[in-house]
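Descriptive structure summary
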Amino acid sequence: MKNVIVTLAAALVLAASLAGCQQKGAAGVAVLDPNKVFTTCEACVQGGDYLRTLGQGLQQELTEMQGTLQGEKSEPDAEAVAKFQARYQEIQQKMVGEQTRIATKLDEAFQKVMEDYRAKNGVAVILNKENVLSFDGATDATDAIIAALNAAAVDLELPAAAPEAAPAPEAAPAAQPEGEKKAE
């Protein structure tokens, strides 16, 4: 009987210590929908719009250059083709560089916001919502992360918008030949 009491006492002490450990180290779990974050946050939308506009402008430039090359009556000369290929590579490098720069800035801000969220809310881990089979909606941190990113006012260092092009001046009236003077 004495062995049973000692065993029960040891089990109670062990259970109490485990419960104490769990309470001290208890931290929550949150889920997050990164797709919603990156399609909704203000800086993400701004970065996406900038990249789309930049890409469209560069694509238009390439299309015009290609049209010029194809519009020549004879085969384009090697120099024109080389210029087109060089410009094409410059444009590719510019797009990749800008995409990388924007993605890096957004990712840095996203990581910082998630770490701040974890620290402030006692969360041990934030899981991708797509990989979680079931969860309590109260653990969804997506909207809070979006709000925090918007409040962080992420500076993507985007170039200022190009000023509107001034309207082209009206063409000067064509000079009349000397033999045809207007009647006054």
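Parameters and conventions
Residues numbered from 1 in each chain as written. Predicted model: local features only at pLDDT ≥ 70, side-chain atom pairs only at ≥ 80, totals over all residues. Heavy atoms only, no water. Buried < 20%, exposed > 50% of the residue type's maximum accessible area, 1.4 Å probe, protein only. Helix = DSSP H or I, 4+ residues; strand = E, 2+ residues; numbered from the N terminus. Core = buried A, V, L, I, M, F, W, Y, C linked by side-chain atoms within 4.5 Å. Contact = heavy atoms within 4.5 Å. Disulfide = S-S within 2.5 Å. Patch = residues over 30% accessible without salt bridge, like charges linked within 9 Å, V, L, I, M, F, W, Y side chains within 5 Å. Areas by Shrake-Rupley, 256 points an atom, 1.4 Å probe, with all protein chains shown as cover. Salt bridge = Lys/Arg side-chain N within 4 Å of Asp/Glu carboxyl O. Axes fitted to C-alpha atoms, helices over the stretch in contact; angles between N-to-C directions. Parallel < 35°, antiparallel > 145°, perpendicular 65-115°, else oblique. pLDDT = per-residue confidence, 0-100. Expected span 1.5 Å × (residues − 1). Left-handed = near helix turned anticlockwise from the far one by under 90°. Nonpolar A, V, L, I, M, F, W, Y, C, P; charged D, E, K, R; others polar.

Once that is clear, we can look at unusual backbone geometry. Glycine aside, residues mostly have negative phi angles, and peptide bonds mostly take the trans form. A positive phi angle, near 45 degrees, is found at Ala153, a position not held by glycine. The exposure class of Ala153 is exposed, given its relative accessible area of 58%. The phi torsion at Glu157 lies on the positive side, around 55 degrees, for a residue other than glycine. Mapping Glu157 onto the fold places it in the segment after α5 (142-152).

What follows covers the nonpolar core. Counting residues in hydrophobic clusters, the biggest one holds 30 residues, and the most contacted among them are Ile145 and Leu149. Secondary-structure elements contributing two or more residues to this core are β1 (28-32), α3 (42-71), α4 (78-121), β2 (123-128) and α5. A total of 10 residues in this core trace back to one element, the largest contributor, which is α4. If we ignore the near neighbours within four places in the chain, the residues touching Ile145 are Leu32, Val37, Phe110, Val113, Met114 and Tyr117.

So, on to the state of the cysteines. Going through the model one piece at a time under the given rule, you end up with one disulfide. For Cys41, the disulfide goes to Cys44, at an S-S distance of 2.4 Å. On the sign convention where negative means left-handed, the S-S torsion of about 85 degrees between Cys41 and Cys44 marks this disulfide as right-handed. Residue Cys41 shares its accessibility class with Cys44, and that shared class is buried.

Here we come to a nonpolar patch on the surface. Judged by side-chain polarity, Val29, Val125 and Leu127 come together as a nonpolar surface patch covering roughly 200 Å² of accessible area. You can see Val125 is positioned in strand β2.

Right, let's get into the packing of α3 against α4. Relative orientation of the contacting elements α3 and α4 amounts to 175 degrees, with a least axis distance of 11 Å. Classified by the interaxial angle, the pair formed by α3 and α4 is roughly antiparallel.

For the chain, mean pLDDT is 78; residues scoring 70 or higher make up 71% of the total. Of the regions scoring below 50 in pLDDT, residues 6-26 engages in zero contacts with residues more than four places distant in sequence or in other chains. Predicted confidence is poor over residues 162-184, with pLDDT under 50, and the contacts of this stretch with residues over four places away or in other chains come to two contacts.

Here we take up α3. Taking 1.5 Å per residue as the helical rise, α3 with its 30 residues ought to reach 44 Å, and the 43 Å between its terminal C-alpha atoms agrees with that figure. Those residues of α3 not exposed but buried are Ala43, Cys44, Gly47, Tyr50, Leu51, Leu54, Leu58, Leu62 and Leu69.

Bringing the pattern of salt bridges into the picture now. If you walk through the whole model with that rule in mind, you get 10 salt bridges. A salt bridge links Glu157 to Lys105; the shortest N-O distance between them is 3.2 Å. Here the residue Glu157 occupies a position in the segment after α5, and Lys105 occupies one in helix α4, the gap between them amounting to 52 residues. In this structure, the salt-bridge partner of Asp116 is Lys112, at a minimum N-O distance of 3.1 Å. Of the two residues, Asp116 and Lys112 both sit in helix α4, four residues apart, roughly one turn of that helix. On the basis of relative accessible area, Asp116 is assigned to the partly exposed category, the value being 32%. Salt bridges sharing common partners tie together Glu61, Arg87 and Glu90.

The contact between α4 and α5 brings their axes to 10 Å, and the two run at 120 degrees. Compared by their axis directions, α4 and α5 come out oblique. With respect to the hand of their crossing, α4 and α5 are arranged in right-handed fashion. Two secondary-structure elements touch here, α4 through Ala109, Phe110, Val113, Met114 and Tyr117 and α5 through Ala144, Ile145, Ala148 and Leu149. Across the contact of α4 with α5, the residue classes tally to nine nonpolar, no polar and no charged.

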